[in-house]
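# Residue-level structure breakdown
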Amino acid sequence: MNRPLGTLNLTINGTDHAIPADPGRRLSEVLREDLRLTGTKVGCDAGDCGACTVLIDGAPVCACLTPVAQAAGRRVTTVEGLPDAGFAPLQQSFLRHGAAQCGICTPGMLVAAAALLAANPAPTRAEAEEALGGVLCRCTGYAKIIDAVTSVGQADLPAPPPAGAAVGARIERLDGGPKVAGTERYGADLAPENALIVRAIRSPHHAARFTLGDTAAWAAAQPGPVLVFTAADIPGDNVFGTIPAFVDQPALAQSHVRMRGEAIAIVAADPGTIEAVDLDAFPVTWQPETPELDVTAARAGNLIHDNRPGNVLIAGKVHKGDPGAALAAASQTATARIETAYVEHAYIEPESGAAWMEGDTLVIEAGTQAPVMDRDDTARVLGLPPDRVRIIPAATGGGFGSKLDLSLQPLIGLVALKTGRPARMIYTRRESMASTTKRHPARMTGTAATDADGRITAMTFDGDFNTGAYASWGPTVAVRVPVHASGPYRVPNYHATARAVHTNGPSSGAFRGFGVPQAAILQETLFEDLALANAMDPLAFRRLNALQQGDATVCGQRPGGVGIADSLAALQPHWDAARARAAELNARSKTLRHGVGLASCWYGCGNTALPNPSTIRLGITPEGALRLHQGATDIGQGANTVITQICADALGLPVAAFGLVGPDTHLTPDCGKTSASRQTYVTGKAAEIAGRALRARLLTLTNSGEDAALALDGADIVARDAHGERRVRLSDLPPDAHGYAIAAEETYDPPTRALDENGQGEPYAVYGWGAQMAEVVVDMALGTVRVLRMTAAHDLGRVINPLLAEGQVEGGIAQGLGLALMEEYIPARTENLHDYLIPTTGDMPEIRSIFVEVADPEGPMGAKGLGEHVLIPTAPAILNAIRHASGARITRLPALPHRVLAAIRDAQA
Amino acid sequence: MTAYHRPTDLDAALRLLADTGATVAAGCTDLFPATDRRALPGPVLDITAIPALRGIVATPEGLRLGATTTWTDVIRADLPPAFDMLKEAAREVGSVQIQTAGTLAGNLCNASPAADGVPCLLALDAGVELASTTGTRRLPLSAFLTGPRQTARRPDELLAAIHIPAAATAGRSRFLKLGARKYLVISIAMVAARIATDAGRVTQAAIAVGACSATARRLPDLERALTGAPATALAAHVTEDRIAPALSPIDDIRADAAYRTHAAAELVRRALTDLSPQEAAA
Ligand SMILES: Cc1cc2nc3c(=O)[nH]c(=O)nc-3n(C[C@H](O)[C@H](O)[C@H](O)COP(=O)(O)OP(=O)(O)OC[C@H]3O[C@@H](n4cnc5c(N)ncnc54)[C@H](O)[C@@H]3O)c2cc1C
Ligand code: FES
Ligand code: FES
């Protein structure tokens, strides 16, 4: 075991290293852990994600699949070596085009692109797609990455916008530099000195009782000192969850597991020891139980939580008018039953992070979407007051909802707290997929009807959403779905129920859209049926029925800034051209049939009729440094940039003057969670108010009028207007408790009105709207589908940053396409990124984004949310396009080739 | 630390293999994904430093593809059109990264039912050369692959080379792969087809289907029907009953069995259509 390691000679980025290493060790490990070259990322350890791509003698390989012995004596190039190898312009191009969102895939993309450009300096899009086909990105939809690779050196970074002109400017992300340099610090990159490495023992069963054996004897038999922690070691309340009324998940199970992948113990040891620990022999005896895996059967099955009869966690309902009578009187009716699959977030960064003690404060640095919730929940589990837990969000390599929930925080926190030593943990890909939340699989039925003019008169919706073993965000889904299942249409008579139902499947939680994307599939299938039944053009049908300003929603709310009609209108010319093109192409081919389909979305921003405030602090130090405490975690979506843009214009200073203080719970006030498309709107609004408040103070301080222009000049604040210039030295002012010479702190909470027992009320203060059109080609003999083009018209009220907004649209479409065509998580079967498929470069259509700006009366500078909206219409638009092309009406997702072919045959029968 | 051997000489490698029964490691693109460990579990015999095992050379009987020939080597090699299918397959193996490291021999020894190299090499009548300290033996590829993840290789044997007989280097070829996405995808079904013609007639038809049975299979009924037929409209000979008997597809997460048979027939039809239009010259 402790034989001395041989020495290997490696040439990395032109520097020779002689390092002692096991020759069979993954090159990625040697780079990251031994040489601390952490720019090379690890997303899967299996060749599936390409995040670890490096060049060996100029050829791209996966460092995770390369025994270090094979790199010995050869030239290894990592992202850190790209500038010296002449690829700085490529990195600039990534920044310029917004090609990095969360940035976790960026090093792999850059390195793979460098190999291409070395051989072919002016690649076509197709060549770039092929060269990058082995690197997965879950954020961008690839379009901007391909743009960046095919236009290196073609455009300089534009000059930063002057004061007052930030909103609407196409500026690159403010936090992009480290992402393209490979220096961004994600959870796995943190390696505090003397840290213990933590591994979890997890259930291989969907449901089981268990008893632990002699863990002390097992630990003693390991090749080095090993610590074991179980539920018995947890000092606080061994239960966590995102919604206080439904908290139900143990950090470490006590004697009973409700899902595969649930942790029952953790093991900690030094890095040198942990590898040799025989986790498979951990002493535990399982008594497997018959699991409930089907959502319908579960409603009459064994109880997964004793206090939840029928395994129903919660049911949400919206009821308006008399749908029964309206259906009876209808001219046309349509009924559908649709089933969707578990969908995995598949961010490229598995959960990872580090914890350590600072005095008696436990510090946890890990990727997250909700630092304050992490703090409070971890404190509860560990029996600490919240102010003795500090959460420092690490750069987050994608979240999409799942990193709203706790994962490793209580585990590494426990080890740090108990041992006083730092603790690190990095989930394996399998562990990440098995143990974290998913999109709810939905089994939905619905009926909708029109009158003789094609006007929708009624709709019913009933859905069982498989919420898996633990509550997570199941209640949010059950409440959101009935509110949104009508789509952005006038539906005078409506009844919708959605239940979150427990099974022993993985917990379903938050995933971009909180159940609304699933509901939209059913609704837009029904509306397609009705358009066809009425012999109406599908777009005309939707335009006829779209909500107009002043109309009431199914909740009886009359929202401001209704932009669906404008979004649909924006599609009209594209629709006409695409339908004509499809008809022409179909006249020539029987096997390859073209189709065009569309779908709409609406989505309320922020919590459903519950408080969700954000607080922004903004201050100027005595030295004249402007600091924005930006507490909205940026998981790649761009909050750091967009919030700053809003604040900059409210304050009247240029974006370049801002320094950001991140969402560290000890430094920055709570901006809530990055979910529900709320950050641009809610935190943006707080930033706008804080910006204006600070401006007002500065104007008072300088005795200036409203229209004065402000500037920072060293430690002076300078105000200029028609009457001249006034200066105040900031260091002359007494600093406040936070050390600022002058500051403002403002809170904003969306005004909503609670829903009554019929779901009537004002659930959201702001909605975003949109419609997308898909052009597809269906292979009638094989059932394969290729999406050629997506045209996406979204009303964001006010576009704060078109570059980032396009990135959201493209990324959302990629996820919607995956949901429609390929993604299906099956516990124990697809716990990796080769059985679980997400779109690659080669699967993405051309994407055209059209931004509609119907100003919102409430949103900051008229802005609305966008992050989740963009995913909602994609899948139904694709399904409607498949139907237009082939007649196939898909009722089970994803639309894998064999399912499409079966549906084509059904349609022909 | 694991015992890790990386000899540069074939005889030394064979001796090590006989002595240690080590795991043979080439591109490691199958080996590493099979473990969560930071290092390959040993003992390991890494064969990538043995020059004698790399590369493609002409031999008196045909062509010899050394064991550590990578997919990228195949793509770059100057080979007759009979190998177009192998190049097409190589381009579709995983990604550029996987093609750089992964080897043909690794693909065969790993013996996945969905191995993309297998149908092509079956349609090239490939044989494998198995070397050990006790000598070498040759087996037809179809006899080497005995089941899913099973081969006729003894633990002390190294797959040293793949041999293609001269006769099989004739004709033109095509590979078609069906998966649920474009890159990095495990085949739902794939087809390799090689057709040689003379004077307007088919002289050789070699057609193999993968991912539709425990190991990829040739289609003898269809090949018989094609041999001697006019070299046009080849696809017209494809019927499901000339294909289905050779296959034994299963239902899995990627597709159901009935779909696989149907898709295999359709892919064969398309491959043959692609090989039909040019009137045969060879
Ligand atoms: C992300 C990813 C995508 C992939 N995509 C595809 C794909 O599209 N199509 C496909 O067919 N495959 C695919 N593969 C599988 C793999 O890349 C191929 O099978 C590859 O050809 C294996 O070669 P290797 O040299 O890497 O094998 P290794 O991993 O080195 O070895 C594979 C097996 O063969 C044995 N072995 C290797 N060489 C010899 C030898 N000369 N003698 C005796 N035993 C030997 C090893 O002991 C091991 O059991 C993919 C793999 C990954 C990680
Ligand atoms: S980490 Fe190497 S390919 Fe994913
Ligand atoms: S930017 Fe590519 S994975 Fe996040």
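### Description of the domain arrangement of chain B
All names here are of chain B. Annotation of chain B at the domain level lists domain 1 (49-167) and domain 2 (171-275). Computed from C-alpha coordinates alone, the two centres of domain 1 and domain 2 are separated by 20 Å. Residue-level contacts link 25 residues of domain 1 with 26 residues of domain 2. When the residues that make up the side of domain 1 that touches domain 2 are grouped by side-chain class, the tally is 17 nonpolar, three polar and five charged.

### Observations regarding the interface of chain A and chain B
Across the boundary between the two partners, chain A contributes 47 residues, which contact 40 residues of chain B. Of all elements in the fold, only β4 (59-62), α2 (68-71) and α23 (897-908) of chain A reach the threshold of two or more residues within the side of chain A that touches chain B. Residue contributions to the side of chain A that touches chain B peak at four residues, all from β4 of chain A. Class assignment for the residues of the side of chain A that touches chain B results in 22 nonpolar, 15 polar and ten charged.

### Side note on the nonpolar core
Counting residues in each nonpolar core, the largest one holds 411 residues, and the members touching the most others are Ile-878 and Ile-882 of chain A. What Ile-882 of chain A contacts, discounting residues up to four positions off in sequence, is Gly-595, Val-776, Val-778, Val-785, Ala-888, Ile-890, Ala-895 and Val-900 of chain A.

### With respect to the packing of helix α17 (residues 538-545) of chain A against helix α18 (residues 564-586) of chain A
Residue and element names in this part refer to chain A. Contact geometry of α17 with α18 gives a least axis separation of 10 Å together with a crossing angle of 165°. With respect to their mutual orientation, α17 and α18 come out roughly antiparallel. Remark: the crossing between α17 and α18 carries left-handed chirality. Each of Leu-539, Arg-542 and Arg-543 in α17 lies in contact with α18, whose residues at this interface are Ala-565, Leu-568, Leu-571, Gln-572 and Trp-575. Along the lines of polarity and charge, the residues of the contact of α17 with α18 split into five nonpolar, one polar and two charged.

### Describing the site of ligand 1
Surrounding ligand 1, one finds 35 residues, the nearest of these being Gly-47 of chain A together with Gly-27, Gly-94, Gly-106 and Cys-109 of chain B. Lying at an intersection of chains, ligand 1 is approached by residues of chains A and B. For the shell around ligand 1, the secondary structure elements donating two or more residues are β2 (23-25), α4 (96-101), α5 (104-110) and β10 (158-165) of chain B. The biggest single contributor to the shell around ligand 1 is α5 of chain B, with five residues.

### Observations concerning the environment of Asp-376 of chain A
Positionally, Asp-376 of chain A belongs in helix α12 (residues 371-382). According to the C-beta neighbour criterion, Asp-376 of chain A is partly exposed, with 16 such atoms within 10 Å.

### Considering the environment of Thr-232 of chain B
All names here are of chain B. Tracing the backbone shows Thr-232 in the loop between α8 (220-226) and α9 (257-275). Taking the C-beta count within 10 Å as the criterion, Thr-232 has 15 such neighbours and is therefore assigned partly exposed. When the C-alpha positions of Thr-232 and Ser-276 are compared, they lie 5.2 Å apart, and in sequence the two are 44 residues distant.

### Quick notes on the sheet that holds strand β3 (residues 53-56) of chain A
All names here are of chain A. Strand order in the open sheet made by the five strands is β2-β1-β5-β3-β4, with mixed pairing throughout. The open sheet has two edge strands with one neighbour each: β2 (15-20) and β4. Adjacent strand axes in the sheet meet at a mean angle of 40°, parallel and antiparallel pairs treated alike. Examined bridge by bridge, strand β1 (residues 7-12) and β2 share six bridges and lie antiparallel to one another. Directly across from Asn-9, in β2, lies its bridge partner Ala-18.

### Considerations on the domain arrangement of chain A
All names here are of chain A. Domain annotation of chain A identifies domain 1 (1-159), domain 2 (188-291 + 346-435), domain 3 (521-607 + 757-908) and domain 4 (614-748). The C-alpha centroid of domain 4 is placed 38 Å from the C-alpha centroid of domain 3. The interface is formed by 20 residues belonging to domain 3 together with 15 residues belonging to domain 4. In terms of residue class, the side of domain 3 that touches domain 4 is made up of nine nonpolar, nine polar and two charged.

### Thoughts on helix α21 (residues 802-821) of chain A
With 20 residues, α21 of chain A extends 28 Å between its outermost C-alpha atoms, agreeing within 8% with the 28 Å of an ideal straight helix rising 1.5 Å per residue. Counting buried residues in α21 of chain A gives 18 out of 20 residues, a clear majority hidden from the surface.

### Some thoughts on the sheet that holds strand β5 (residues 62-66) of chain B
All names here are of chain B. The antiparallel open sheet is built from five strands, whose spatial order is β4-β5-β10-β6-β7. The open sheet has two edge strands with one neighbour each: β4 (56-59) and β7 (135-140). Neighbour-to-neighbour, the strand axes of this sheet turn through a mean angle of 25°, independent of strand direction. Inspection of the sheet shows β5 paired to β10 by five bridges, in the antiparallel sense. Each bridged residue has a counterpart across the sheet, and for Leu-63 the counterpart in β10 is Ile-164.

Calculation criteria
Residues numbered from 1 in each chain as written. Chains lettered and ligands numbered in written order. Predicted model: local features only at pLDDT ≥ 70, side-chain atom pairs only at ≥ 80, totals over all residues. Domains from an automatic or database assignment. Contact = placed C-beta atoms within 7 Å. Nonpolar A, V, L, I, M, F, W, Y, C, P; charged D, E, K, R; others polar. Helix = DSSP H or I, 4+ residues; strand = E, 2+ residues; numbered from the N terminus. Core = buried A, V, L, I, M, F, W, Y, C linked by C-beta atoms within 7 Å. Buried ≥ 20, exposed ≤ 12 C-beta atoms within 10 Å, placed from the backbone. Axes fitted to C-alpha atoms, helices over the stretch in contact; angles between N-to-C directions. Parallel < 35°, antiparallel > 145°, perpendicular 65-115°, else oblique. Left-handed = near helix turned anticlockwise from the far one by under 90°. Near = placed C-beta within 6 Å. Pairing = 2+ DSSP bridges. Expected span 1.5 Å × (residues − 1).

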